[in-house]
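# Survey of secondary and tertiary structure
Read off the chains here:
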Amino acid sequence: MEVTTKSMPYDAWKDNEYIEKLVKELQDNGTNVIVGSLDKLINWGRSNSLWPLTFATSCCGIEFVSLGAARFDMARFGWEVARSSPRQADFMMVAGTIVNRMVPVFRRLYDQLAEPKYVIACGSCAISGGPFLKSYHVAKGIADIVPVDVYLPGCPPRPEAMIYAIMQLSRKIKVERFFGGVNRQEKQQEFLREHPVAGVND
Amino acid sequence: MATIQDKIAALCPEAQFEQADVLQVTVPEAKWHDLAVALRHDADLAFDYLITIVGMDWQESMGCIYYMMSTSRGNETLAVKVIAAGTRKSPYLPSVFDVWAVATLYEREVYDFFGIIFVNNPDMRRLFLSIDWVGYPLRKDYDTDPKLNPISTESERQSDFTDTWTLEKGKLVKNEVRVFQPEDFVVNIGPQHPSTHGVLRFRTCIDGETIKKIDVYMGYIHRGIEKLMEGLTYPQCLPFLDRMDYFSAQNYHSGMCRLVERAAGIKISRRAEVIRVMMDELSRIASHCLFMGTFCMDLGATSMLFYTLRVREQILDIMEKTCGARMTFNYPCIGGVMQDLHPDFQKDVKALLEIIPANIKEYQKLFTGNVIAKERMVGVGLLSKEDAISYGVTGPSGRASGWSCDLRKIRPYSIYPELDFEEVLATEGDSMARFNVRLHEIEQSAKILEQLVDNIPEGEYCVKVPKVIKLPAGHWFEMTEGCRGVLGIYLESDGGTTPYRVKLAPPCLPLAGVVDHITEGMKIADLITIGGSLDYIIPDMDR
Ligand code: SF4
């Protein structure tokens, strides 16, 4: 099965192995015909209208603004509805450095996102701390704070790269499964159990 | 210079003078407050603009260096060095919050980084770090063990109180005072709010719809750049400048390069100077364009963003061809610039200059003349010239209040003295003026580019510099006109390859510091207009 998005030929992707692995996992678990097509329908809907949360802490956020403007125009892909409230957004593009003081706020925003929710770690700061790795007040990547779906390297990543990353995300959503089997949701729950926040997860 | 020196010597006989790049006076802590009052109010001194307070840890002692400028007397600068009294555990200095309004904020910053207590400062809280933070990070003996200050997803402890310290019979006494009264109605805005332009938080006390007081809460993007720089060589320090105010990346970068070049005695070629100035002005246009877009978006006019970003993208293309990046260029380097201009550069700049006048006309048609825009901006967020100086509000925001603070004019550096352009000033001091000043600055920057585009001299773009750059022991201070105001850089070297201390005094910190003053008595909806028109960049103020 070739999983791709409408605007991207399958061979143009740089890393088809991982998606093939995901597909194989999915097929190995076996699918009920009715449930399978329901899954497909849901995934089709979800993957084509990804709404981002307006969230940016620093430099990378400006490229996200460029992405929204006329030249790169993310409206072409149905992602332009950037929401200011996490309750209405589907995914969070973590554009910028996350520092100690921001961590609880960031985690709260993530917790407030409605399910299903996704995270893109955008830029080297979000991935590892980037140029500020040795700082006393910077989180060394967001992977310890929230589960991450797509990593997008760059300092800052170009808007084209951001498009690629969001497409990767929508491709990943296409091979998800919402009924039965071990799916992403469960892995996410497991992560949250391992990284609890008082008052939220108890 | 002699008169200032004589005057200060008469006021304070113990003062010691040292002529570095800026005249530096060392005074004892006990005399400092009286001298500060005299420096500020004496007509022959009149140092009314406090540029920055540099906290210092010299290991055997701690203290501060105050950089100030006299706006009425030819923009002369002076540095005052004061060694803190008390023990290393609790060093203290008298506060000068009653002399310069911005000192309240600067002293909080020094307290946060060095633990120096400012006696009588009405608000001695930490600024960027949490209340429970262990240690003072910029001290040389700071314990960096992450176990002491772990990253936690639990909400930070909040407090309604702040401290003030008084000196009673030579002993420090701490008093708790309330930031807000128990009956106050406080609304929290931010840190994740679309109109704060980043992660800034306002604790806003309102009475009905009227703002009574705003407590600006920073540090949500404090990245510890100053400390990081202490462990890096001079060329390695440079990329951080791009990541503070990312719109002034070129300006900040060349400012720091100029400082290191001056300290190391490197003279760069004229070609490099011209390239740097051109890049600075291109950045200024791009930055002001983005300001207009986001500001109008804050006011509800989203379409403006698309118009202004069109020009910005064109500039980014020019930069990308030469520098290889759309942002965080890392282009100027010690000795000149990283690489030569792209062959298309002149052609592209000319194409840009051609479209700018038409674009400005369009912006004015679209927005400036709009009735709703006028209603929301005219007379909103008034800032007088005196307050602008006292709060250290520089850049276009300061010039909108009538303060002539454009360093390119008042303390020209690089090739600016040879260029023909005007400093844009307005007198109204409201949001509309701040908007208009930026709009006209685009025209002036275009004028500068016009003069230079056909006059880029031949020569090397980067002179030969030693592989390892070592600075002699000493200290230097440099100011640069960024897109949002004055960036002050203080550099102290102990003779090695890494700086002993770098202090970055960004323009956006005072811009945020003035919010409380400027919004008092305004309506809550105007907070967005005012904040937008001041145009602060959060990573710049937090560093
Ligand atoms: S990855 Fe680079 S551009 Fe992005 S926030 Fe970090 S420092 Fe800024």
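Residues numbered from 1 in each chain as written. Chains lettered and ligands numbered in written order. Predicted model: local features only at pLDDT ≥ 70, side-chain atom pairs only at ≥ 80, totals over all residues. Heavy atoms only, no water.

All names here are of chain B. By size, the foremost hydrophobic cluster in this structure holds 217 residues, and its most contacted members are Trp32 and Tyr66. Broken down by element, this core gets its largest block of residues, 15 residues, from helix 7 (residues 270–298). Looking at which domains feed residues into this core, each of domain 1 (2–179) and domain 2 (225–542) gives three or more. Setting aside its immediate chain neighbours within four residues, Tyr66 contacts Trp32, Leu50, Thr52, Ile53, Leu78, Ala79, Val80, Val82, Leu93, Pro94, Val96 and Phe118. (Core = buried A, V, L, I, M, F, W, Y, C linked by side-chain atoms within 4.5 Å. Buried < 20%, exposed > 50% of the residue type's maximum accessible area, 1.4 Å probe, protein only. Helix = DSSP H or I, 4+ residues; strand = E, 2+ residues; numbered from the N terminus. Domains from an automatic or database assignment. Contact = heavy atoms within 4.5 Å.)

Right, let's talk about the domain arrangement of chain B for a bit. Residue and element names in this part refer to chain B. Each assigned domain of chain B is listed here: domain 1 (2–179) and domain 2 (225–542). Relative placement of domain 1 and domain 2: their C-alpha centres are 27 Å apart. With 36 residues of domain 1 in contact, the opposing surface of domain 2 contributes 29 residues. Here domain 1 and domain 2 share an interface that buries about 2700 Å² over both sides, 60% of which is from carbon and sulfur atoms. Three residues, Asp21, Tyr49 and Leu138, lead the burial of domain 1 against domain 2; their summed loss comes to 18% of the area buried on that side. There are three salt bridges connecting domain 1 and domain 2. Its salt-bridge partner being Asp21, residue Arg262 comes within 3.2 Å of it at the nearest N-O pair. At the junction of domain 1 and domain 2, the tally comes to 13 residue pairs in polar contact (both at pLDDT 80 or more). For the side of domain 1 that touches domain 2, the elements supplying multiple residues, two or more each, are strand 3 (49–57), strand 4 (62–70) and helix 3 (103–114). No other element matches the eight residues that strand 3 contributes to the side of domain 1 that touches domain 2. (Buried area = accessible area lost by both parts, 1.4 Å probe. Salt bridge = Lys/Arg side-chain N within 4 Å of Asp/Glu carboxyl O. Polar contact = N/O pair within 3.5 Å; in protein donor to acceptor, adjacent residues only side chain to side chain.)

This part is about a nonpolar patch on the surface. On the surface, Leu38(A), Leu41(A) and Trp44(A) cluster together to form a nonpolar patch covering roughly 350 Å² of accessible area. On the accessibility criterion, Leu41(A) (54% relative accessible area) is exposed. (Patch = residues over 30% accessible without salt bridge, like charges linked within 9 Å, V, L, I, M, F, W, Y side chains within 5 Å. Areas by Shrake-Rupley, 256 points an atom, 1.4 Å probe, with all protein chains shown as cover.)

Residues and elements named next belong to chain B. As for its position among the elements, Thr52 is in strand 3. Given the relative accessible area of 0%, Thr52 is considered buried. Aside from chain neighbours lying at most four places away, what touches Thr52 is Ile65, Tyr66, Tyr67, Tyr106, Phe477, Lys503 and Ala505.

Attention shifts here to the site of the ligand. Lining the immediate surroundings of the ligand are 14 residues, of which Cys59(A), Cys60(A), Ser124(A), Cys125(A) and Cys155(A) lie closest. In this structure the ligand sits where residues from chains A and B come together. Elements that contribute at least two residues to the shell around the ligand include exactly helix 3 (59–68) and helix 5 (124–128) of chain A. Classifying every residue of the shell around the ligand by side-chain character gives seven nonpolar, six polar and one charged. (Near = heavy atom within 4 Å. Nonpolar A, V, L, I, M, F, W, Y, C, P; charged D, E, K, R; others polar.)

Another aspect to go through is the side chain of Arg258(B). Tracing the chain through its elements places Arg258(B) in helix 6 (residues 249–264). Those residues in contact with Arg258(B), other than ones at most four positions away along the chain, are Arg276(B), Tyr413(B), Glu478(B), Met479(B) and Thr480(B).

With that settled, the discussion passes to the sheet that holds strand 18 (residues 486–493) of chain B. Residues and elements named next belong to chain B. Strand order in the open sheet formed by three strands is 17-18-19, with antiparallel pairing between adjacent strands. If you trace the sheet from one side to the other, it starts and ends with strand 17 (474–481) and strand 19 (501–505), each paired once. Strand after strand, the sheet turns through a mean of 10° between neighbouring axes, direction not considered. The pairing of strand 17 with strand 18 spans eight bridges and is classified as antiparallel. Residue pairing for strand 18: Glu478 is matched across the bridge by Ile489. (Pairing = 2+ DSSP bridges. Axes fitted to C-alpha atoms, helices over the stretch in contact; angles between N-to-C directions.)

Residue and element names in this part refer to chain B. Applying the stated criterion across every chain, the model contains 45 salt bridges over all chains. A salt bridge links Asp132 to Arg157; the nearest nitrogen and oxygen atoms lie 2.8 Å apart. In this pair, Asp132 is assigned in the loop between strand 7 (117–119) and strand 8 (161–168) and Arg157 in the loop between strand 7 and strand 8, connecting sequence segments 25 residues apart. Residue Asp132 is classed as partly exposed on the basis of its relative accessible area of 45%.

All names here are of chain B. Within the open sheet, the five strands sit side by side as 1-2-5-4-3. Their pairing is mixed. Whereas interior strands pair on both sides, the edge strands pair on one side only; in this sheet they are strand 1 (16–19) and strand 3. Looking at each pair of strands side by side, their axes are set apart by 20° on average, direction ignored. Each of strand 2 (23–27), strand 4 and strand 5 (76–83) is contacted by helix 2 (residues 29–41), which is oriented at about 160° to strand 5, the strand it contacts most. Against the sheet, helix 3 engages strand 3 and strand 4, with an angle of about 10° to strand 3.

Below, the discussion takes up the packing of helix 14 (residues 431–453) of chain B against helix 17 (residues 524–534) of chain B. Residue and element names in this part refer to chain B. Running from N to C, helix 14 and helix 17 point in directions that differ by 30°, and their axes come no closer than 9 Å. Overall, the two elements helix 14 and helix 17 adopt an arrangement that is roughly parallel. Where helix 14 crosses over helix 17, the handedness of that crossing is left-handed. Every residue of helix 17 that contacts helix 14 at Ser431, Arg434 and Arg438 is listed here: Thr529, Ile530, Ser533 and Leu534. The residue makeup of the contact of helix 14 with helix 17, split by class, is two nonpolar, three polar and two charged. (Parallel < 35°, antiparallel > 145°, perpendicular 65-115°, else oblique. Left-handed = near helix turned anticlockwise from the far one by under 90°.)

Attention now moves to unusual backbone geometry. Following Cys155(A), the chain continues into Pro156(A) via a peptide bond in cis, with omega recorded as -10°. Summarising the element assignment, Pro156(A) is placed in the loop between strand 4 (150–152) and helix 6 (159–174). Phi is positive for Asn330(B), close to 55°, though the residue is something other than glycine. Considering the arrangement of structural elements, one finds Asn330(B) in the loop between helix 8 (303–323) and strand 15 (332–333). On the accessibility criterion, Asn330(B) (28% relative accessible area) is partly exposed.

This part takes up the packing of aromatic side chains. Pairs of aromatic rings are described using the distance from one ring centre to the other and the angle between the two planes. All chains considered together, the criterion is met by 18 aromatic pairs over all chains. Where Tyr136(A) meets Tyr142(B), the ring centres are 6.0 Å apart and the plane angle is 70°; that geometry is what we call edge-to-face. Placement of the pair is Tyr136(A) in the loop between helix 5 and strand 4 and Tyr142(B) in the loop between strand 7 and strand 8, with the two residues belonging to separate chains. Of the two residues, Tyr136(A) and Tyr142(B), neither departs from the other in class, the shared state being buried. Here Tyr67(B) and Phe477(B) contribute two aromatic rings whose centre-to-centre distance is 3.9 Å and whose plane-to-plane angle is 10°, an arrangement assigned as stacked. With Tyr67(B) in strand 4 and Phe477(B) in strand 17, this residue pair connects regions lying 410 residues apart in the sequence. On the basis of relative accessibility, which here comes to 7%, the residue Phe477(B) falls in the buried class. Put simply, the rings of Phe291(B), Phe295(B), Phe367(B) and Phe435(B) pair up and form one aromatic cluster. A cation sits over an aromatic face here: Lys140(B) above Tyr500(B), 4.0 Å from the ring centre. (Phe/Tyr/Trp six-rings, centres within 6.5 Å; stacked < 30°, edge-to-face > 60°. Lys NZ or Arg CZ within 6 Å of the ring centre and 35° of its normal.)

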